[in-house]
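Structural overview for review
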Amino acid sequence: MKNIFLVLFLILFYNLSFSQKYEMSTAFENNGYQKVVALGEQILENESGDYKVFLLLGKAYNALNQFEKALPLLRKANEYAEIEWQYAAAYVEIMEAYYALGLKDKAKRYYNKGIHVRGTKSVQRKFQKLALLFGYDNVFNDWITVTTFNFVFHFEDIEHIGDIDNYIEKRIAAFKKINSFYKAALPKEIDFFVWKSEGVAQKKFKKFLGFTNPKYCVSHNKLSQTVGHEIAHTISYWFDKNNNRNRFVNEGIGVYFDCSETNRLDAAKEIINYQRKINKNFKSYDIRVFWTHPYEYPERIMYPIAGAFVEMLAHHNQNKFLELTKDQSYESAQDIYGRGGLDRLISNFNEILNEY
Ligand SMILES: [Zn+2]
């Protein structure tokens with residue numbers, strides 16, 4: 001009789017654990033990383049864990065920017081791996097976590113391991129994407145690296161930059177200025193890539209320069225960019241690692257902190273004057289539309305308007321603006337400024353923006 005209970009218990013336990021692992025996979029596919037962590041940690045409390053549990057848990061911690069928590073779990077996944085694709089999946093995640101923490105020699109070691117194993121299609125894609133982003137691709141072979149305060153600069157061609165000391169000093173000063181506002185703790189220095197061959201970069205990344213991937217403190221820049229824009233993306237991201245970004249506010253932050261001498265309100269009004277010139281039916285822009293439909297307008301229209309609006313918000317109330325940096329959604333702004341308060345701020349700004 002005792003044995004029957006034991007068998008029943010084991011079947012039940014096995015099914016429970018199986019369904020928890022299934023739930024973990026589903027949660028991961030739906031970007032429910034907190035849920036993956038809760039389920040995974042619960043499984044590990046009751047049993048010793050296996051490849052899948054360790055890998056999913058490690059991946060979820062990586063996704064949540066908790067790279068230190070991810071690493072021991074991913075190394076466990078690596079230990080439990082048996083076949084090639086399992087090793088590949090562990091390597092790419094370990095490479096990601098080490099790089100994100102600024103442990104680049106270790107990250108490079110896992111990149112070198114990853115080259116020799118064949119992962120699933122999605123793992124291969126992630127591996128190649130990160131290798132390019134981190135500067136491991138062969139295209140970076142002859143680049144020049146300059147390590148300095150808060151930055152590692154990577155230059156494709158120094159001659160092309162002109163006064164290199166001036167270029168570097170300006171970025172160091174911009175970092176200082178922007179971070180005197182945010183006082184953010186970055187997990188590593190900023191890897192700041194400066195391209196000469198914009199066409200090659202565009203082909204490789206399948207998008208235009210410049211851009212920043214703040215999760216890894218990496219920017220890929222063209223020469224003609226403002227000093228502060230990409231730096232502001234990284235610093236504002238690490239003001240709170242659990243941030244929720246919105247394209248309109250995020251790009252507004254980039255423009256507001258670009259360290260240029262531009263009059264941002266004039267630049268925004270210029271966009272509207274131009275629209276009036278080319279389109280007789282054009283009436284006005286509404287900040288609410290930019291904010292709630294952040295992909296509605298192209299860069300050249302949205303960026304200057306976002307920059308002017310963010311400047312107004314930052315001057316209006318610095319603490320509230322810092323809160324907004326953490327969660328940039330329209331709903332979060334309603335909580336921070338109050339519904340009536342936000343409506344007034346936007347209506348006033350719309351009026352100034354659209355006045356003749
Ligand atoms: Zn930007």
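Just so we're clear, the structure is a prediction, and the values are computed from it rather than from any experiment.

Here is what the cut-offs are and how they apply
Residues numbered from 1 in each chain as written. Predicted model: local features only at pLDDT ≥ 70, side-chain atom pairs only at ≥ 80, totals over all residues. Helix = DSSP H or I, 4+ residues; strand = E, 2+ residues; numbered from the N terminus. Buried ≥ 20, exposed ≤ 12 C-beta atoms within 10 Å, placed from the backbone. Contact = placed C-beta atoms within 7 Å. Core = buried A, V, L, I, M, F, W, Y, C linked by C-beta atoms within 7 Å. Pairing = 2+ DSSP bridges. Axes fitted to C-alpha atoms, helices over the stretch in contact; angles between N-to-C directions. Domains from an automatic or database assignment. Nonpolar A, V, L, I, M, F, W, Y, C, P; charged D, E, K, R; others polar. Left-handed = near helix turned anticlockwise from the far one by under 90°. Parallel < 35°, antiparallel > 145°, perpendicular 65-115°, else oblique. Expected span 1.5 Å × (residues − 1). Arc of directions from axis to C-beta.

So, about the overall build of the protein. Check the secondary structure of the protein and you find 18 helices and five strands. Along the three orthogonal principal directions, the C-alpha set of the protein runs to about 90 × 55 × 40 Å. Considering the protein as a whole, with its 356 residues, one finds that 37% of them fall into the buried category. Restricting to contacts in the protein with at least 6 residues of sequence separation, those with at least 24 account for 62%.

Counting residues in each nonpolar core, the largest one holds 89 residues, and the members touching the most others are Val36, Leu57, Tyr91, Ile94, Met95, Ala306 and Phe309. Residue contacts for Leu57: discarding those within four places in its chain leaves Val36, Val37, Gly40 and Leu73.

Moving on, we get to the sheet that holds strand S5 (residues 218-221). The strand order across the open sheet built from five strands is S1-S2-S3-S5-S4, with neighbouring strands paired in mixed fashion. The sheet is open, and its two edges are formed by strand S1 (144-148) and strand S4 (211-213), each paired on a single side. On average, each strand axis in the sheet is tilted by 15° relative to the strand beside it, whichever way the strands run.

Glancing now at unusual backbone geometry. Residues Leu209 and Gly210 are joined by a peptide bond in cis, for which omega reads -10°. Tracing the chain through its elements places Gly210 in the loop between helix H10 (198-205) and S4. At Asn65, a residue that is not glycine, the phi angle is positive and equals roughly 65°. When you line up the elements, Asn65 lands in the loop between helix H3 (51-63) and helix H4 (67-80). Its 20 C-beta neighbours within 10 Å are what place Asn65 among the buried residues.

On domain assignment, one finds that the protein holds domain 1 (2-135), domain 2 (137-240) and domain 3 (242-356). Relative to domain 3, the C-alpha centre of domain 2 lies at a distance of 25 Å. Counting from both sides, the interface comprises 13 residues of domain 2 and, opposite them, eleven residues of domain 3. Mapped by element, the contributors of at least two residues to the side of domain 2 that touches domain 3 are helix H9 (164-182) and helix H11 (229-238). No other element matches the five residues that H11 contributes to the side of domain 2 that touches domain 3. Here the residues of the side of domain 2 that touches domain 3 sort into six nonpolar, five polar and two charged.

Where H9 contacts H11, the two axes come as close as 10 Å, and the packing angle between them is 35°. Between H9 and H11 lies a crossing of right-handed hand. Taken together, the residues of H11 that come into contact with H9 (itself represented by Arg171, Ala174, Phe175, Ile178, Asn179 and Tyr182) are Ile231, Ala232, Ile235 and Ser236. Across the contact of H9 with H11, the residue classes break down as seven nonpolar, two polar and one charged.

The interhelical angle for the contact between helix H5 (residues 84-100) and helix H7 (residues 121-133), taken along N-to-C directions, is 30°, at an axis separation of 10 Å. For the element pair H5 / H7, the angle class is roughly parallel. For H5 against H7, the interelement crossing comes out left-handed. Contacts between H5 and H7 involve Trp85, Ala88, Ala89, Val92, Met95 and Glu96 on the former and, on the latter, Val123, Lys126, Phe127 and Leu130.

A few words now on the pairing of strand S3 (residues 190-194). The buried fraction of S3 is high, at five of five residues. Alternating positions in S3 separate into two faces, Ile190, Phe192 and Val194 on one and Asp191 and Phe193 on the other, with burial throughout. Judged from the five bridges that link them, strand S2 (residues 151-155) and S3 form a sheet pairing that is parallel. When the bridges of S3 are listed, Phe155 appears paired with Val194. Bridge analysis of S3 against S5 gives four bridges, and the strand direction is parallel.

The next thing to look at is the environment of Phe67. Note on placement: Phe67 falls in helix H4. Among all residues touching Phe67, those that are not within four sequence positions of it are Asn62, Ala97, Ala100 and Leu101.

What follows covers the pairing of S5. The alternating pattern of S5 places Val218 and His220 on one face and Ser219 and Asn221 on the opposite face, and all of these are buried. Sheet topology places S4 next to S5; three bridges connect them, and they run antiparallel. Bridging from a neighbouring strand, Asn213 pairs with Val218 of S5. Connecting S4 to the next strand, S5, in antiparallel fashion are four residues, including Cys217 with a positive phi near 50°.

The next subject is H9. Residues that lie three or four places apart on an α-helix share one face, since the helix turns once every 3.6 residues. Compared with an ideal rise of 1.5 Å per residue, which puts 19 residues at 27 Å, H9 spans 27 Å between its outermost C-alpha atoms and is within 8% of the ideal. Taken residue by residue, H9 has Arg171, Ala174, Phe175, Ile178 and Asn179 as its buried positions. All buried residues of H9 fall inside an arc of 115° around its axis, so they share one side. Summarising the geometry of H9, the exposed residues directed more than 90 degrees from the buried face are Asp165, Asn166, Glu169, Lys176 and Ser180. Residues of H9 that are buried in the fold lie against S2, S3 and H11.

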